[in-house]
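Understanding the architecture of this molecule
Letter by letter, the chains look like this.
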Amino acid sequence: MRETEPILSRVQEHIAELSERIGERPSGSREEKAAQELIATHLNKSGYSCHYQSFTYPAVPAFFPYLTLPGILLLVISLLPGVWKILLVGFPFLVAGLPDIHGWLIDRMAQKAHSQNLLALPAGIAIDEVRVMLCAHVDSGRIIPRAGWWVQGILNNYMVILEVCAWLLAIPGLLYITMPSVAEAIQPLCIPVFVFSGFLLIWLDIWQQMGYRGKTSPGANDYASGAALCTALAEEYATTRGGVVEPIGFVFSGAEEAGLFGAKAFVRGNRSDKNKPVVINLDMVGCGKRVGMVTRSGRLKPYNTDARLVQMVRSLEPDALAVDYKYRGGDFIPFAQAGYRAISLEATDHGGVPITYHHASDKAENIQPEVIAKLAHLVRQMIAGLLNEKQP
C-alpha cells in the first residue's frame, strides 16, 4: 500500500484542522459551516467546483425522549389493572422500533434549524454525470458521559441488554393471555421490577443526553476522519490523473448527528432516477485495526447496503468485518432508501464503536493512521472497479 502513504499526511493535516483549529462542530452551527468552508477552500484550489445546498431541519431540543419512551410505558403498565399488562407483549417491538419512532417524532417538529451540504464536483462535470459519490459529514456529536469500566461495558451494549430484558418483561404479558392465574400470582413481584426498570430507563436517558449539558466532542474520528479522507482523496484525484477528469463527486453533509438531515436533503434535491451515482459513505475511519463495512441498519425495519458493493469489499479486503447497525445510523441510509447503490465503510476492532466515540478524548492524537491507509487503498480500488463497470 505504498501509494497510500503520501495521502496520510494530508488526511492527518485535515483532521487536525477540523478537530483542533475549528474544534467542536455541532449540527447547524457556525463551526459546522466553517469546516465546510475550509474544505471548499482546499478543493477550489484543486480545481473543483463547490456548491452549497442549504436546508432546514427540525430544531431538536437539548433533551428529546428516547429511552424515556419505554420507561414511561413500563410505569403506565405498572399502574394499569392486571389484564392490561398484556401490553407487555408489545414491549420488545417498541424497543426494536425505538430508532424509527424517535425519528418519526423528530420529523414532526418545526423545521427551524438551518444547515447546509457542500457538494464538490470536478470542473466540467455535472451532477448527473457523476458515477461515484463519496460522502462524509462534518459535524461532531454530543458528548456522552462515561462511567467506571465495568459499568461502561454494560452501557456500551445497553440496547442489546435492553432488547433481552424486553423479552423477559414480555413473559408476564404472555402469562395473562395463557395462564391468567399464574400471572395474577406473580404480579406483586413484577410491579416493583416494572417501576424500577421504568425509572432506570428515564434516568439513563436524561443522564446520557444532559450529563455534559450539550457539549460537543472535538470529533477527530467521529467525524473529521471521514471528511478528511474524502478531501485528501479529492485532492489526489485532481492531481494524479494526467489531465483526465474522473466522474467522482464529493458530498460533505451537515446535521448528520441531528438525524441524517444533510443526506436526506441531498436525496430530496436530487430525485432523478437517471444515472444515480454509487455512494460510498466514509464514517469513523480513524480508530480501529480492521476495515468495517456496514451490511444493514435498523432492527424492526432494516435497510441493507448494496449486495454487490459488499461483495466487492469482501473480494478486495478479505479481512473486512461485516457490521450490523441494529440501533445506529449513518448518511448511507437515506441514499439506500432512495434506491442508490450505497455502502458505508469505517474502521473498527470488533464491530462496535471505539472508546473515543462521542467523547472529549476524540482528538487527533488518538487517530490510528494504519487503518486510514488501509481504507484509502480500499476506496481507490473500489472507485477503479466501479468506473470500469459497464454502464446500463
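Just above, that's the structure.
Bear in mind that the values here come from a model prediction, so they are computed numbers and not experimental data. (Residues numbered from 1 in each chain as written. Predicted model: local features only at pLDDT ≥ 70, side-chain atom pairs only at ≥ 80, totals over all residues. Heavy atoms only, no water.)

This next bit is on the overall build of the protein. Each helix and strand in the protein was counted, giving 13 helices and nine strands. A compact globule built from 392 residues should have a C-alpha radius of gyration of about 21 Å, and the protein, at 23 Å, falls within 12% of that. Each principal axis of the C-alpha distribution contributes one length, and for the protein these read about 80 × 45 × 40 Å. In the protein, which comprises 392 residues, the share counted as buried stands at 51%. Sequence-distant contacts, at least 24 apart, represent 88% of the contacts inside the protein between residues at least 6 apart. Here the protein carries 35 positive and 36 negative side-chain charges, and the mean point of each set is 4 Å from the other. (Helix = DSSP H or I, 4+ residues; strand = E, 2+ residues; numbered from the N terminus. Rg over C-alpha atoms; globule rule 2.2 N^0.38 Å. Buried < 20%, exposed > 50% of the residue type's maximum accessible area, 1.4 Å probe, protein only. Contact = heavy atoms within 4.5 Å. Lys, Arg positive; Asp, Glu negative; His and termini not counted. Charge placed at Lys NZ, Arg CZ, Asp CG, Glu CD.)

Going through the model one piece at a time under the given rule, you end up with one cavity of 30 Å³ or more. Put simply, the largest cavity is a space of about 30 Å³. As for the largest cavity, its lining consists of His-14, Glu-17, Leu-18, Leu-38, Ile-39, His-42 and Thr-231. Looking at the lining of the largest cavity, the elements with two or more residues in it are helix H1 (5-22) and helix H2 (30-45). Tallied by class, residues from the lining of the largest cavity come to three nonpolar, three polar and one charged. (1 Å grid on protein atoms, 1.4 Å probe; cavity = no way out; pocket = protein on both sides within 12 Å on 5 of 7 lines; lining within 4 Å. Points joined across faces, edges and corners; volume = space filled by probe spheres on them. Nonpolar A, V, L, I, M, F, W, Y, C, P; charged D, E, K, R; others polar.)

Here the focus is helix H8 (residues 180-210). Where H8 bends most, the angle comes to about 55 degrees, and this point is Gln-187, followed within four residues by the proline Pro-188. Within H8, burial applies to Ala-183, Cys-190, Phe-194, Ser-197, Gly-198, Leu-201, Ile-202, Leu-204, Asp-205, Gln-208 and Gln-209. (Bend = angle between axes of the 7 residues up to and from the residue.)

The next subject is the side chain of His-358. Tracing the chain through its elements places His-358 in the loop between strand E9 (342-348) and helix H13 (369-387). Using a relative accessible area of 9% as the deciding quantity, one classes His-358 as buried. Here the side chain of His-358 touches Glu-257 through a polar contact of 3.4 Å, side chain to side chain. Setting aside residues no more than four positions away along its own chain, His-358 makes contact with Gly-141, Arg-142, Ile-143, Ile-144, Ser-217, Asp-222 and Glu-257. (Polar contact = N/O pair within 3.5 Å; in protein donor to acceptor, adjacent residues only side chain to side chain.)

Our focus in this paragraph is the packing of aromatic side chains. In the structure shown here, the tally under the stated rule is eight aromatic pairs. Relative to Phe-250, the ring of Tyr-48 lies with its centre 5.8 Å away and its plane at 85 degrees, an arrangement referred to as edge-to-face. Placement of the pair is Tyr-48 in strand E1 (residues 48-57) and Phe-250 in strand E4 (residues 248-253), with a sequence separation of 202 residues. Across the pair, exposure class does not vary: Tyr-48 and Phe-250 are buried alike. (Phe/Tyr/Trp six-rings, centres within 6.5 Å; stacked < 30°, edge-to-face > 60°.)

Nonpolar side chains collect at one region of the surface, where Val-83, Trp-84, Ile-86, Leu-87, Leu-174 and Ile-177 lie side by side and expose about 570 Å² of accessible area between them. What makes Leu-87 partly exposed here is its relative accessible area of 40%. (Patch = residues over 30% accessible without salt bridge, like charges linked within 9 Å, V, L, I, M, F, W, Y side chains within 5 Å. Areas by Shrake-Rupley, 256 points an atom, 1.4 Å probe, with all protein chains shown as cover. Salt bridge = Lys/Arg side-chain N within 4 Å of Asp/Glu carboxyl O.)

Before going further, it helps to examine the nonpolar core. By size, the foremost hydrophobic cluster in this structure holds 60 residues, and its most contacted members are Leu-229 and Leu-345. If we ignore the near neighbours within four places in the chain, the residues touching Leu-345 are Ile-280, Asn-281, Leu-282, Asp-283, Val-285, Gly-292, Met-293, Val-313, Leu-375, Leu-378, Val-379 and Met-382. One finds Tyr-66, Leu-67, Met-159 and Cys-190 within the second-largest nonpolar core, a separate group that totals 20 residues. (Core = buried A, V, L, I, M, F, W, Y, C linked by side-chain atoms within 4.5 Å.)

Another point: the layout of surface pockets. In this structure, the second largest pocket occupies an estimated 460 Å³ of space. The wall of the second largest pocket is formed by 21 residues, among which Ile-161, Cys-165, Leu-200, Leu-201 and Leu-204 lie closest to the centre. Here the lining of the second largest pocket gets eight residues from one element, more than from any other, and that element is H8. Residues of the lining of the second largest pocket, tallied by class, amount to 20 nonpolar, one polar and no charged.

We now examine unusual backbone geometry. Positive phi values are uncommon outside glycine, yet Ala-255 reaches one of about 55 degrees. Its relative accessible area of 0% is what places Ala-255 among the buried residues. With a phi close to 60 degrees, Leu-260 is a non-glycine residue in the positive phi region. By secondary structure assignment, the location of Leu-260 is in the loop between E4 and helix H10 (261-269).

The next subject is the pattern of salt bridges. Applying the stated rule across the entire model yields 11 salt bridges. Here Arg-10 and Glu-13 are joined by a salt bridge, their closest N and O atoms 2.5 Å apart. Placement of both Arg-10 and Glu-13 in helix H1 is noted, with a separation of three residues, approximately one turn of the helix. Take Glu-13: its relative accessible area is 39%, and that puts it in the partly exposed class. Among the salt bridges present, the one from Asp-324 reaches Lys-326, with a minimum N-O distance of 3.7 Å. Note on Asp-324: relative accessible area 30%, which makes it partly exposed. Overlapping salt bridges, with partners in common, bring together Arg-10, Glu-13 and Glu-235 in one network.

Looking now at the packing of helix H3 (residues 68-79) against H8. Between H3 and H8, the shortest axis-to-axis distance is 8 Å and the interhelical angle comes to 155 degrees. Relative to H8, the element H3 is oriented roughly antiparallel. H8 is crossed by H3, and the crossing has left-handed handedness. The residues of H8 that touch H3, namely those facing Thr-68, Pro-70, Gly-71, Ile-72, Leu-74, Leu-75 and Ser-78, are Ile-191, Phe-194, Val-195, Ser-197, Gly-198, Phe-199, Leu-201, Ile-202 and Asp-205. Among the residues making up the contact of H3 with H8, the classes are represented as 10 nonpolar, five polar and one charged. (Axes fitted to C-alpha atoms, helices over the stretch in contact; angles between N-to-C directions. Parallel < 35°, antiparallel > 145°, perpendicular 65-115°, else oblique. Left-handed = near helix turned anticlockwise from the far one by under 90°.)

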